[in-house]
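Breakdown of the fold
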Amino acid sequence: MAELRAIREGITLVHKLGHKNVYVESDSTYIITLCQGMTRVPWFFVNILADIRFLVSQLGNVMFVQKYREGNEAADILAKKAANEAICDEWLFNPPAFLNAVLKKDAWGRAFPRFVKHSDVDIVMRFRR
C-alpha cells in the first residue's frame, strides 16, 4: 500500500508541475502489473488505483516499469529512511545531503551488484542504469 501511495503522490506532483511524459519505476513487479492493469485488483487497492488511473488519464504518456532495487539506489535509501523516521518533504531542485553521493553515482552510471542463485551456482549480475 505504501508504494502505491508513493506512486499516486509522485504522479500528483508531476501533474501539478505540468509534465506530460512520465516514467514510473518500482522494484515491485506486482505493483507495476497492478498499475498497468495487467492483474486483478484486490478490493483494498481499488480506490488508490482508481486515483492513479485518473491521474494517468490526465497526463500524456505514462510508462510503468519494473526495475531491480539495485538499479534505483536513491529510492531504496529513501524507503529505508522513511521506514525509520518521518519524511514529509518535497525536493524538486535541492535534494537532502544524504542523497547527493547516491544521485551522483546514479548519474555516472555506476553498476550495482546483484547476487542471483541459479542452478546451485551463485552468479553476480551487474545492472547499469
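Residues numbered from 1 in each chain as written. Predicted model: local features only at pLDDT ≥ 70, side-chain atom pairs only at ≥ 80, totals over all residues. Heavy atoms only, no water.

Let's talk about the packing of aromatic side chains
Worth spelling out the cut-off: Side-chain rings of Phe, Tyr and Trp (the six-membered ring for Trp) are treated as a pair once their centres are within 6.5 Å; stacked means planes under 30 degrees apart, edge-to-face means over 60, and tilted covers the remaining angles. Numbering of helices and strands runs from the N terminus; a helix is a DSSP stretch of H or I covering at least four residues, while a strand is a stretch of E covering at least two. Relative accessible area decides the class of each residue, using a 1.4 Å probe on protein chains only: under 20% of the type maximum gives buried, over 50% gives exposed, and in between gives partly exposed.
Evaluated as defined, the whole model comprises three aromatic pairs. Between Tyr30 and Phe45, the aromatic rings sit 6.5 Å apart at their centres with planes inclined by 50°, giving tilted as the arrangement. Of the two residues, Tyr30 sits in helix 2 (residues 29-35) while Phe45 sits in the loop between helix 2 and helix 3 (46-58), which places them 15 residues apart along the sequence. Overall, Phe45 belongs to the buried group, its relative accessible area being 7%. Seen in terms of ring centroids, Phe44 and Phe45 are 4.8 Å apart; in terms of plane orientation they differ by 70°. Their pairing is edge-to-face.

Description of the side chain of Ser26
So the rule is basically this: Side-chain atoms alone can form a polar contact between residues adjacent in sequence; in general such a contact is a pair of N or O atoms within 3.5 Å, and within protein one must be able to donate a hydrogen while the other accepts it. Here, two residues are considered to be in contact whenever any of their heavy atoms come within 4.5 Å of each other.
Following the sequence through the fold, Ser26 ends up in strand 1 (residues 21-26). In terms of polar contacts, Ser26 uses its side chain to reach the backbone amide nitrogen of Ser28, at 3.0 Å. Sequence-distant contacts of Ser26, defined by excluding residues within four places in its chain, comprise Glu3, Ile31, Ile32, Val65, Gln66 and Lys67.

Notes on the side chain of Ser28
With respect to the secondary-structure elements, Ser28 resides in the loop between strand 1 and helix 2. Note on Ser28: relative accessible area 18%, which makes it buried. Setting aside residues up to four positions removed in sequence, Ser28 forms contacts with Glu3 and Gln66.

Overview of the pattern of salt bridges
Put simply, the rule is: Should a side-chain nitrogen of Lys or Arg be within 4 Å of a carboxyl oxygen of Asp or Glu, the pair is scored as a salt bridge.
Inspection of every chain in the model, using the stated rule, returns two salt bridges. Among the salt bridges present, the one from Glu9 reaches Arg8, with a minimum N-O distance of 3.7 Å. Given the relative accessible area of 47%, Glu9 is considered partly exposed. Here Arg8 makes a salt bridge to Asp51, at a shortest N to O gap of 2.9 Å. Pair noted here: Arg8 is in helix 1 (residues 2-17) and Asp51 is in helix 3, with a separation of 43 residues, a long-range link. In this structure, a network of salt bridges that share partners links the residues Arg8, Glu9 and Asp51.

Things to note about helix 5 (residues 97-108)
Here is the rule: In this scheme, a helix's expected span is set at 1.5 Å multiplied by one less than its residue total. Within this analysis, the arc is defined by the directions that extend from the helix axis to the C-beta atoms.
If you check helix 5, its first and last C-alpha atoms are 18 Å apart, about what 12 residues at 1.5 Å a residue would give, namely 16 Å. When helix 5 is considered as a whole, its buried residues turn out to be Leu99, Val102 and Asp106. The buried residues of helix 5 occupy one face: seen down the axis, they fall within an arc of 65°. Exposed side of helix 5, more than 90 degrees from the buried face: Ala97, Ala107 and Trp108 are the residues found there.

Some words on the pairing of strand 1
Applicable threshold: Should DSSP find at least two bridges between two strands, the strands are regarded as paired.
The alternating pattern of strand 1 places Val22, Val24 and Ser26 on a buried face, while none of Asn21, Tyr23 and Glu25, on the opposite face, is buried. Taken together, the six bridges between strand 1 and strand 2 (residues 61-66) define a ladder with parallel strand orientation. Residue pairing across strands places Tyr23 opposite Met63, the latter belonging to strand 2.

Examining the confidence of the model for the protein
For clarity, the threshold we go by: Residue-level confidence of the predictor is summarised by pLDDT, bounded by 0 at the bottom and 100 at the top.
Looking at the protein, the pLDDT average stands at 78 and 75% of residues meet or exceed 70. When mean pLDDT is taken per element in the protein, helix 3 scores highest with 94 and strand 4 (residues 121-127) scores lowest with 41. Taken as a whole, residues 119-129 scores under 50 in pLDDT and shows 30 contacts with residues more than four places along the chain or in a different chain.

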